[in-house]
Amino acid sequence: MRLFITAVLGGLLCLYGNTQPLQGSKVYYGLLHAHTYFSDGSGTPAEAYRMAKTAGLHFFAVTEHNHAEAEAGAKERKDGIMIATNPALYNGNSNQTITRRFKVNGQNRTETVTVSPLIKSASEASEPQFQALYGQEFSTISSSNHVNVLGVREVLTVPNGDFRQLVDALKRSEQATGVRPMLQFNHPDIQKDLFYTGNDPKVTKVMFNDYGIDEGDLGPHFKDLVAALDPYVHLIEILSGPAMGEEVIGNHYYRDANENDYFFYLKQGFHISPSAGQDNHYKTWGTITDARTGILAQSLSEAAVFDAFRRNRTFATEDKNLDLVLLLGDSVMGSSVTIAEETELDFKIRIHDADEPNAKYLVEIFGGDIKPELSTNATNWKQRDALLENKQLTGNGTYSIKNIFATDKPSFYYAKITQQNADGGSNRGWTAPIWVNDGRTTHTTSDTTVGPQYYWTSAASSRVYHLKGCSAISRIKPENLQSGNTPPAGRTQHTCNVSEEEE
Ligand SMILES: [Zn+2]
Ligand SMILES: [Zn+2]
Ligand SMILES: [Zn+2]
């Protein structure tokens, strides 16, 4: 299999990651961070998926805390039910009957209910136009902050904050299932972890440990953290929360958008792109704000959605249907491109908002050289200091952005879009980066990480198998799902709708 193609397009040589044409992809919207009472939230996964689907989302992940401390601060949401203490609620094959003990207005109550386990719920909720995803939110804030782990079928028992052991668990999971798990940096907070100058011992005691940067774990140098985690981490939550909100807000300006964190982790060398997660702890799944993760994907099958994350074909937006794509020449956001020094970069930004076709926009391109640092001596990078070009635009369209030139250093570029609303407010969006001259040669594409080529059900009544990407795979019960790189004997290929979905 050839992972790289070499092309000559002006001064542009050797492309990575853009072997699929943009025309085959569509933009889909979803969210990747939510809780139910299977950890410290409210309601069940089945309710969460139903609400997200009704809200018009195309994909939605329920990501329960993996650890038993999850309910420590859960207040009235505490009910003794957690995947950490009852892993069958995560990956059980059959419905579980549980007794919840909780308080309503100070009164003790119990309730015995039968619920579908999380992975099973995701499979039951998935349809051709809605992909339910499942995952876990690993670790605690004080141990190392949180990461979401998607695509793991066992409840993680790795000690909180131990990213070295987490990587081992991810490798074991990949060996067992053929699917490489995927990470998202949740609610990043470098100001508290690396640059806090106050003397509150609650903060100072837990500095220099986010996402495993602590010495003895995967740090203290960011180049080592990147080497260990970059194969797994693809997303960073630029828009996060409001985790504890109970009321629907709708259009919401995220005052604390994590754009400087995004910039910082790109500077350190991660191949990550923006996401939004509401981190719902109440029944507000997909509804509390209009924030969305946008992806550019070939279809809504689980494999295709994961593929979009792995290729970093994502953006985060405060507007629920803003559609943003950054291009460099013919390379889609998420790509790595090799370009001769001093060549003018041919950036194009595609902006589309179906219900606000004549909106006014400010487009800003930010960028920088990749320069991993020692965490204890890192630079407090600010996105605003990395503005390379900006442009005022009106209306939907694809616009050229000139006057930015390649350097010979490994670098990255992304766009921030601010839509000025008629009411004086604004909605913002951030695209995935395009990397230039980053020498990415070993970061494997989805062709090798999404796993097996063939899928089928173990049910003996079935006489067919499916190609990777067929939407019928999502309807096979997880406990029956089999896969491999050779088709099963005695079965014929289903009329897989892989290509039909690629319009
Ligand atoms: Zn929580
Ligand atoms: Zn969290
Ligand atoms: Zn959370």
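These remarks concern the structure in this document. (Residues numbered from 1 in each chain as written. Chains lettered and ligands numbered in written order. Predicted model: local features only at pLDDT ≥ 70, side-chain atom pairs only at ≥ 80, totals over all residues. Heavy atoms only, no water.)

Okay, the coordination of the zinc ion (ligand 1) next. Donor atoms from the polypeptide that bind the zinc ion (ligand 1) are Asp-40 (OD), Asp-40 (OD), His-65 (NE2) and His-281 (NE2), placed at 2.0 to 2.7 Å. Taken together, the four donor atoms coordinating the zinc ion (ligand 1) span angles of 52 to 145° at the metal, a pattern that classifies the geometry as irregular. Counting along the primary sequence, the residues that act as donors to the zinc ion (ligand 1) give the motif D-x24-H-x215-H. (Donors = N, O, S within 2.8 Å, 3.2 Å for Na, K, Ca; no water. Tetrahedral: all angles 85-135°; square planar, octahedral: opposite > 155°, others 65-115°.)

What follows covers the side chain of Thr-293. Its place among the elements puts Thr-293 in strand E12 (residues 292–297). Take Thr-293: its relative accessible area is 0%, and that puts it in the buried class. Leave out the neighbours within four places in its chain, and Thr-293 touches Tyr-28, Tyr-29, Gly-30, Leu-31, Leu-32, Phe-59, Pro-274, Ser-275, Ala-276 and Phe-315. (Helix = DSSP H or I, 4+ residues; strand = E, 2+ residues; numbered from the N terminus. Buried < 20%, exposed > 50% of the residue type's maximum accessible area, 1.4 Å probe, protein only. Contact = heavy atoms within 4.5 Å.)

Ring pairs (aromatic) are described by centroid distance and by the angle formed between their planes. A full pass over the atoms with the stated rule returns 19 aromatic pairs. Ring plane angle 80° and centroid distance 6.0 Å describe the contact between Phe-195 and Phe-264, whose orientation is recorded as edge-to-face. One end of the pair, Phe-195, is in the loop between helix H6 (190–193) and helix H7 (201–204); the other, Phe-264, is in helix H9 (residues 259–267), with 69 residues separating them in the sequence. On the numbers, 5.5 Å between centres and 65° between planes, the contact of Phe-263 with Phe-412 is edge-to-face. Within this pair, whereas Phe-263 is found in helix H9, its partner Phe-412 is found in strand E21 (residues 411–420), the two being separated by 149 residues in sequence. The exposure class of Phe-263 is buried, given its relative accessible area of 3%. Accessibility expressed as a relative area gives 0% for Phe-412, which makes it buried. (Phe/Tyr/Trp six-rings, centres within 6.5 Å; stacked < 30°, edge-to-face > 60°.)

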